[in-house]
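If you want the building blocks of each chain, they are given just below.
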Amino acid sequence: MRDSLDIAVLAIDGGGSRCRLACAGAGRESRVETGPANVYSDFDGAVARIRDGLSKLAAEAGVEVAALVRVPAFVGLAGVCSDATTAKLHHALPFERMLIEDDRPAALRGALGHADGAVIHCGTGSFLAFQKDGETRLAGGWGAVLGDEASARWIGWMALNHALRVTDGTLPANVWARALVDDMGGVDAVLQFASSATPADFGTIAPRVTEAATEGDPLALSILERGADHVARAVQALGWSEGMALCLTGGVAPFYRDHLPQALADALQEPEGAPLDGALSLAREMVHDDR
């Protein structure tokens, strides 16, 4: 394995479900993936997965880790919400030069490049991002306790909340909701699950909701309609208007497509690239700014 290579940049995109790393240069690019990397919910775990990813990336690129940590790195991670967290990451990560942001700028750049428009991101967590004339506005991403509406975590939480209300009799009887509680082992098991579940754990329930909604279940449909209403109102409040591009990103975001107001649905386009592509683009800007 070589101790150096013409690697120009390194990029990291870390979220609640997985962390992706890439290095690029000299006409070559290498990418790897590890587990969750949300520095708010599990700082030490996120750092450990980034370090593990660096080892995997070095092996994939055929270089030593020492070569990777010398190149400019853009680090975009879920949970970066304060200067204190940024400073802590500078101390914990081995890069000689890095720009640390939360995960929203990379997702925006990856989806839209430099074009005007907005991104509705609904993965394990959620956020919205908007750009026009070079100006950027970001919203959401406040985590499971105070935010992440319309995310996979939120969908799973809403499903269990509604299922328990069906059990109480305060919502109309629903076969699917009762089956969800039964499949988890009953009400006590649901409460025990919820008391310790991570956002990713709640997110594992989301596919049951999206599948049930596809089959026309009214309770599941009501959850998706509520999530779609939230993101539609929020993205317009950020500044999106008809005629601008709009992208849905993240695992559950496409399931809101059929529940958005017509103007937003008509504006939808496929993202240009993934958040990791955006992180690589932002890393290259670091190099350009040095010149």
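Preceding this section is the structure that the text describes.
Computed from a predicted model, the values in this text were never measured in an experiment.

### Description of the packing of helix α6 (residues 152-168) against helix α11 (residues 218-238)
Step number 1: Following both chains from N to C, one finds α6 and α11 inclined at 135°, their axes separated by 10 Å at the closest point. Comparing the axis directions of α6 and α11 gives the class oblique. Once α6 is placed against α11, the crossing between them reads as right-handed. The segment α6 lies against α11, with Trp-154, Ile-155, Met-158, Ala-159, His-162 and Val-166 engaging Leu-219, Ser-222, Ile-223, Leu-224, Arg-226 and Gly-227.
Step number 2: Taken together, the residues that form the contact of α6 with α11 break down as eight nonpolar, three polar and one charged.

### Let's talk about the packing of aromatic side chains
Aromatic ring pairs are reported here in terms of the distance separating the ring centres and the angle at which the planes meet.
Step number 1: For the coordinates displayed, the defined rule picks out one aromatic pair.
Step number 2: Ring plane angle 80° and centroid distance 5.5 Å describe the contact between Phe-193 and Phe-202, whose orientation is recorded as edge-to-face.
Step number 3: With a relative accessible area of 8%, Phe-202 lands in the buried category.
Step number 4: Above the plane of the ring of Phe-43 lies Lys-88, whose end atom (NZ or CZ) is 4.3 Å from the centre.

### Some remarks on a nonpolar patch on the surface
Step number 1: Together, Trp-142, Val-145 and Leu-146 give the surface a local cluster of nonpolar side chains, amounting to about 450 Å² of exposed area.
Step number 2: For Trp-142, the location among the structural elements is in the loop between β8 (135-140) and α5 (143-146).
Step number 3: For Trp-142, a relative accessible area of 59% translates into the label exposed.

### A closer look at the sheet that holds strand β2 (residues 19-25)
Step number 1: One open sheet accounts for five strands, arranged β3-β2-β1-β4-β5; its pairing is mixed. The open sheet has two free edges, formed respectively by β3 (28-34) and β5 (98-101), since each of these has just one partner strand. The sheet shows a mean angle of 10° between the axes of neighbouring strands, direction not considered.
Step number 2: Note that strand β4 (residues 73-77) and β5 share four bridges and pair parallel. Directly across from Val-75, in β5, lies its bridge partner Ile-100.
Step number 3: Helix α3 (residues 83-92) rests against β4 and β5 of the sheet, and its axis sits at about 145° to β5.

### Let's talk about the environment of Gly-113
Step number 1: Positionally, Gly-113 belongs in the loop between α4 (104-112) and β6 (117-122).
Step number 2: Overall, Gly-113 belongs to the buried group, its relative accessible area being 11%.
Step number 3: Not counting the four nearest positions on each side in its chain, Gly-113 is found in contact with Leu-108, Gln-131 and Glu-272.

### Thoughts on the pairing of β6
Step number 1: For β6, the buried fraction is high: six of the six residues fall into the buried class.
Step number 2: Burial along β6 is two-sided: Gly-117, Val-119 and His-121 and Ala-118, Ile-120 and Cys-122, pointing in opposite directions, are all buried.
Step number 3: The sheet contact formed by β6 and strand β7 (residues 126-132) spans six bridges and is antiparallel. The residue of β7 that forms the bridge with Ala-118 is Phe-130.
Step number 4: Linking β6 to β7, which pair antiparallel, is a turn of three residues.

### Quick look at unusual backbone geometry
Step number 1: Located in the positive-phi region is Asp-133, a residue other than glycine, with phi close to 55°.
Step number 2: Note on placement: Asp-133 falls in the loop between β7 and β8.
Step number 3: The exposure class of Asp-133 is exposed, given its relative accessible area of 61%.
Step number 4: Positioned with a positive phi, Asp-148 is a non-glycine residue whose angle comes to about 60°.
Step number 5: Within the secondary structure, Asp-148 sits in the loop between α5 and α6.
Step number 6: On the basis of relative accessible area, Asp-148 is assigned to the buried category, the value being 8%.

### Digging into the packing of helix α7 (residues 175-183) against helix α10 (residues 206-214)
Step number 1: Orientation of α7 relative to α10, taken along the N-to-C sense of each, is 155°, at an axis distance of 12 Å. It follows that α7 is roughly antiparallel to α10 by the angle criterion. Every pair of crossing elements has a handedness; the one defined by α7 and α10 is right-handed. Across the interface between the two elements, Trp-176, Ala-179, Leu-180 and Asp-183 from α7 touch Arg-208, Val-209 and Ala-212 from α10.

Cut-offs used in this document
- Residues numbered from 1 in each chain as written.
- Predicted model: local features only at pLDDT ≥ 70, side-chain atom pairs only at ≥ 80, totals over all residues.
- Heavy atoms only, no water.
- Axes fitted to C-alpha atoms, helices over the stretch in contact; angles between N-to-C directions.
- Helix = DSSP H or I, 4+ residues; strand = E, 2+ residues; numbered from the N terminus.
- Parallel < 35°, antiparallel > 145°, perpendicular 65-115°, else oblique.
- Left-handed = near helix turned anticlockwise from the far one by under 90°.
- Contact = heavy atoms within 4.5 Å.
- Nonpolar A, V, L, I, M, F, W, Y, C, P; charged D, E, K, R; others polar.
- Phe/Tyr/Trp six-rings, centres within 6.5 Å; stacked < 30°, edge-to-face > 60°.
- Buried < 20%, exposed > 50% of the residue type's maximum accessible area, 1.4 Å probe, protein only.
- Lys NZ or Arg CZ within 6 Å of the ring centre and 35° of its normal.
- Patch = residues over 30% accessible without salt bridge, like charges linked within 9 Å, V, L, I, M, F, W, Y side chains within 5 Å.
- Areas by Shrake-Rupley, 256 points an atom, 1.4 Å probe, with all protein chains shown as cover.
- Salt bridge = Lys/Arg side-chain N within 4 Å of Asp/Glu carboxyl O.
- Pairing = 2+ DSSP bridges.

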